[in-house]
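Observations on chain architecture
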Amino acid sequence: MSEWLQCITNPDHRYSIDEIRYTCDADGGLLSVERDHIVDRDAFDDRHTSRAAIDQSGVWRFREGVLNVDKAVTHPEGGTRLYERNGILFKHEGENPTGSFKDRGMTVAVTQAVRLKATAVACASTGNTSSSLAAYAAQAGLKAIVFVPAGKISSGKLAQTLAYGATCLAIRGDFDAAMRLVREACDRFGIYLVNSINPFRIEGQKTIIWELLQDLGWDPPDWIVVPAGNLGNTSAFGKALREAYAAKWIPRMPRLASIQARGANPFYRSYQDSFATRHKVAAETVATAIRIGDPVSHDKAVAAIRDTNGIVEEVTDDELMAAKRTIDGMGIGCEPASATTLAGVQKLRAKGVMRDSERIVCVLTGHILKDPEANFRAERVVEIDAHLDAVERALQ
Ligand code: F0G
């Protein structure tokens with residue numbers, strides 16, 4: 001186990017996770033890595049209709065390509081819907097058990113933590129990873145410790161994390177400081193780290209793409225659009241697409257579009273100089289989920305953009321909040337970070353990078369109730385006396 005822990009907590013360790021499968025030895029300790037071949041996609045399609053608990057999960061349905069176990073800590077997760085509105089598809093990952101896409105990686109990471117006989121798990125988080133970790137740790141009977149930037153996560157996410165029983169350390173500093181600290185703490189205290197530098201998280205998050213492709217009958221869209229913060233999802237999407245293409249599940253590669261908030265745009269800046277420099281910024285954005293200035297999965301995300309002929313775009317807070325109101329107004333709803341996707345599509349269409357005829361899927365990463373503060377619009381609330389006259393006046 002210590003060898004494995006060093007693997008994932010040592011920032012200098014280069015750990016390729018392509019084409020490999022992770023297994024523990026008899027003590028649940030030392031990890032070997034192998035992946036023979038990914039199964040024929042028909043097996044996944046058959047499971048779609050299976051009633052077995054593990055097959056009900058939109059993650060474990062793909063287990064040969066994720067982590068091949070027959071017992072998992074699962075709610076189950078995934079199985080999220082695809083909405084079509086005004087010619088754009090929205091895959092709503094806010095429909096996962098704890099309200100964000102994080103559950104897909106977390107079910108795998110916590111399953112692995114149990115296999116490794118870990119007793120405590122930790123992460124740094126802007127609120128969604130912490131909520132997800134807290135829920136899965138509660139289910140597995142593990143101690144959960146979360147490091148969040150003090151005063152910088154939404155009330156909904158903080159309340160949810162606490163409700164599931166996690167120990168919450170509010171760090172005086174930003175997410176990037178919390179991230180540095182949790183890595184050191186896990187190393188020092190032998191705690192299992194489940195941020196997306198843990199490869200099992202990435203393995204689980206690949207299934208957003210595989211489930212999407214499956215829902216589209218393996219006929220890939222032209223574009224898949226994703227919010228970009230710590231870059232775990234961008235990395236996972238790249239890996240999912242590489243593997244799907246290599247296994248001939250899909251005849252062509254969709255293009256990835258990773259969208260950042262302008263005030264938290266280190267990846268966009270790197271993209272602008274053809275990834276010659278890895279940028280760091282002091283992040284500031286209304287979309288607190290992606291208020292991240294030094295994303296840990298930078299290198300893997302660069303590969304994802306390159307391998308999919310992808311692009312990186314930035315949108316302002318005003319643009320992403322306007323897009324959120326559009327998504328909310330269509331009756332779907334999402335948290336601010338998720339709305340970078342539609343804002344990005346609008347911008348890229350205006351630039352002529354995306355064409356109207358192209359099939360576009362926006363991945364909505366978090367539920368509308370995750371960030372209650374972002375939903376209050378004072379002009380919509382009219383306080384009145386409890387009289388019919390007052391109702392009439394208010395409706396004029
Ligand atoms: N959207 C939402 C709703 C998120 O919570 C996050 C990340 C992202 C997008 C960005 O995804 O980091 O894979 O690029 N939230 C993390 C957290 C940082 O702690 O919950 P990413």
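This text follows the structure it describes.
Residues numbered from 1 in each chain as written. Predicted model: local features only at pLDDT ≥ 70, side-chain atom pairs only at ≥ 80, totals over all residues. Heavy atoms only, no water.

1. A word on the overall build of the protein
Scanning the protein for helices and strands turns up 14 helices and 12 strands. Across the 396 residues of the protein, 58% fall into the buried class. Nonlocal contacts in the protein, meaning residues at least 24 apart in sequence, comprise 69% of its contacts between residues at least 6 apart. Summed over its atoms, the accessible surface of the protein is roughly 16500 Å², and 49% of this surface lies on carbon and sulfur atoms. (Helix = DSSP H or I, 4+ residues; strand = E, 2+ residues; numbered from the N terminus. Buried < 20%, exposed > 50% of the residue type's maximum accessible area, 1.4 Å probe, protein only. Contact = heavy atoms within 4.5 Å. Areas by Shrake-Rupley, 256 points an atom, 1.4 Å probe, with all protein chains shown as cover.)

2. Topic: the packing of helix H4 (residues 102-115) against helix H5 (residues 128-140)
Running from N to C, H4 and H5 cross one another at 40°; their axes reach a closest spacing of 9 Å. For the element pair H4 / H5, the angle class is oblique. Taken as a pair, H4 and H5 cross one another with a handedness that is right-handed. Where H4 approaches H5, its residues Lys102, Asp103, Met106, Thr107, Val110 and Val114 are matched on the opposing element by Asn128, Thr129, Ser132, Leu133, Tyr136 and Ala140. Tallied by class, the residues present in the contact of H4 with H5 amount to six nonpolar, four polar and two charged. (Axes fitted to C-alpha atoms, helices over the stretch in contact; angles between N-to-C directions. Parallel < 35°, antiparallel > 145°, perpendicular 65-115°, else oblique. Left-handed = near helix turned anticlockwise from the far one by under 90°. Nonpolar A, V, L, I, M, F, W, Y, C, P; charged D, E, K, R; others polar.)

3. Topic: the pattern of salt bridges
In total, this model carries 26 salt bridges according to the counting rule given. Where Glu64 meets Arg47, a salt bridge forms, and the shortest distance between an N and an O atom there is 2.7 Å. Here Glu64 is found in the loop between helix H3 (53-56) and strand E3 (82-85), whereas its partner Arg47 is found in helix H2 (residues 41-47), with 17 residues between them in sequence. Take Glu64 and Arg47: they sit in the same class, and that class is buried. (Salt bridge = Lys/Arg side-chain N within 4 Å of Asp/Glu carboxyl O.)

4. Describing the packing of aromatic side chains
Evaluation of the coordinates by the stated rule reveals eight aromatic pairs. Each residue in the set Phe44, Phe62, Trp210, Trp218 and Trp249 is aromatic and connected to the rest through ring pairs, giving one cluster. (Phe/Tyr/Trp six-rings, centres within 6.5 Å; stacked < 30°, edge-to-face > 60°.)

5. Some details on the environment of Ile54
Looking at where Ile54 falls in the secondary structure, it is placed in helix H3. Under the relative-accessibility criterion, Ile54 is labelled buried at 15%. Residues Ile54 and Val73, 19 residues apart in the sequence, show an inter-C-alpha distance of 9.5 Å. In contact with Ile54, not counting residues within four places along its chain, are Trp60, Arg61, Arg63, Val69, Asp70, Lys71 and Ala72.

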